[in-house]
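# Topology and contacts: notes
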Amino acid sequence: PTTNKSYILFQRDDQYGCSSPVGYDITDPTSVILISFYCGSVIGSIMHEIGHTLGFIHTHQRVDRGSYVSIATSNILPNYAGNFFIWSIGTIQFPDITFLYDYGSIMHYDTYAFSNNHLPTIIALDSRYGKTMGQRQRAAFYDYKEINRLYCTRTGCPQMFSNNACHNNGYLDPRTCSYCICPEGFGGTNCDERDAHSNCGDIILNPTPYSSAQITI
């Protein structure tokens, strides 16, 4: 029980799996997220559904997805085809393309999502990101950035997303507006330095005796 006027209700439902409507319905103060036994054991799947409740669409349903992925419609289970359409409200396409397309978003499906024949349903046009899609370990940098865009722009930090304040797509912390929140691998006051706690930029020596090649990551 809660006295809050608006709240999220997590409800067990092993028949339909994990699901949530996109956004807040002003006619109903209760946002219901259905959680099944299977997906409820994966914290990233629950975060995915919370993302929907907060107003996030699937990344692969963005209007610009054609520049990043190809959808193999013939491989999709018919009952789930709607989860792969470009999102639209009436005749207006959902304009959720403020930030860069992120293959690693918690809102992106994996390559074989809802496949009817064990073949790919989503193909990354840049094959290097094929295994990045569908990760459910944690929300990605751009997921948090989008949350801040949707819910924190009315704070006392109007220059939160100013490129002059933070480099490399970083943004000002809305709580203080005094330091940058940086993408993984970047650090420093303005996100223009290598993160001291990141392995990015290290040199890995080839362990085999047949080569002395070095790889910089």
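An unreviewed UniProt entry annotates the chain as Metalloendopeptidase of Rotaria socialis.

A few words on the side chain of R136. Inspection of the secondary structure assignment puts R136 in the loop between β6 (122–124) and α3 (141–151). Put simply, R136 is tucked away with no salt bridge, and the nearest opposite charge, on D110, sits 6.4 Å away. Here the side chain of R136 touches I106 through a polar contact of 3.0 Å, landing on its backbone oxygen. Filtering out sequence-adjacent residues up to four positions away, R136 remains in contact with V42, G44, S45, H48, S105, I106, H108 and Y109.

All chains considered together, the criterion is met by 11 aromatic pairs. Their ring planes at 70 degrees and their centres at 5.4 Å tell us that Y101 and Y103 sit as a pair that is edge-to-face. There is no split in this pair, since Y101 and Y103 are both buried. Taken together, the aromatic side chains of F99, F141, Y142, F161 and Y171 make up a single cluster linked through ring pairs.

Looking now at the UniProt feature "binding site: Zn(2+)" (unreviewed entry) in the chain. On the UniProt side, "binding site: Zn(2+)" (unreviewed entry) is annotated at positions that read H48, H52 and H58 here. Following the sequence through the fold, H48 ends up in helix α2 (residues 43–53). Exposure remark for H48: the relative accessible area of 4% places this residue in the buried category. When sequence neighbours within four positions are dropped, the list of residues in contact with H48 reads H58, I106, M107, Y109 and R136. Looking at the element boundaries, H52 is found in helix α2. Non-local contacts of H52, meaning those with residues more than four positions away in its chain, are made with S20, P21, V22, G23, I57, H58 and M107.

We now examine the UniProt feature "active site" (unreviewed entry) in the chain. If you check UniProt for "active site" (unreviewed entry), the listed places come out as E49 in our numbering. On the secondary structure map, E49 appears in helix α2. Apart from the residues lying within four places of it in its own chain, the contact partners of E49 are C18, S19, S20 and I33.

One pass over the structure, following the stated rule, counts four disulfides. A sulfur-sulfur separation of 1.7 Å characterises the disulfide bridge that pairs C18 with C39. What sets the handedness of the C18 and C39 disulfide is the S-S torsion sign, and at about 100 degrees it is right-handed. With C18 in the loop between β1 (7–12) and β2 (30–35) and C39 in helix α1 (residues 37–40), the pair connects residues that are 21 residues apart, well separated along the chain. Classification of C18 as buried rests on a relative accessible area of 18%. The exposure class of C39 is buried, given its relative accessible area of 9%. Each sulfur in the disulfide pair C166 and C180 lies 2.0 Å from the other. Sign of the S-S torsion, about -90 degrees for the bond between C166 and C180, identifies this disulfide as left-handed. One end of the pair, C166, is in the loop between α3 and β7 (171–172); the other, C180, is in strand β8 (residues 180–181), and 14 residues separate them in sequence. One exposure class covers both C166 and C180, and it is buried. Cysteine C152 remains unbridged, with the sulfur of C157 as its closest cysteine sulfur at 9.9 Å.

The rules behind the values
- Residues numbered from 1 in each chain as written.
- Predicted model: local features only at pLDDT ≥ 70, side-chain atom pairs only at ≥ 80, totals over all residues.
- Heavy atoms only, no water.
- Helix = DSSP H or I, 4+ residues; strand = E, 2+ residues; numbered from the N terminus.
- Buried < 20%, exposed > 50% of the residue type's maximum accessible area, 1.4 Å probe, protein only.
- Lys, Arg positive; Asp, Glu negative; His and termini not counted.
- Salt bridge = Lys/Arg side-chain N within 4 Å of Asp/Glu carboxyl O.
- Polar contact = N/O pair within 3.5 Å; in protein donor to acceptor, adjacent residues only side chain to side chain.
- Contact = heavy atoms within 4.5 Å.
- Phe/Tyr/Trp six-rings, centres within 6.5 Å; stacked < 30°, edge-to-face > 60°.
- UniProt positions renumbered as here; feature names shortened; annotations may be inferred.
- Disulfide = S-S within 2.5 Å.

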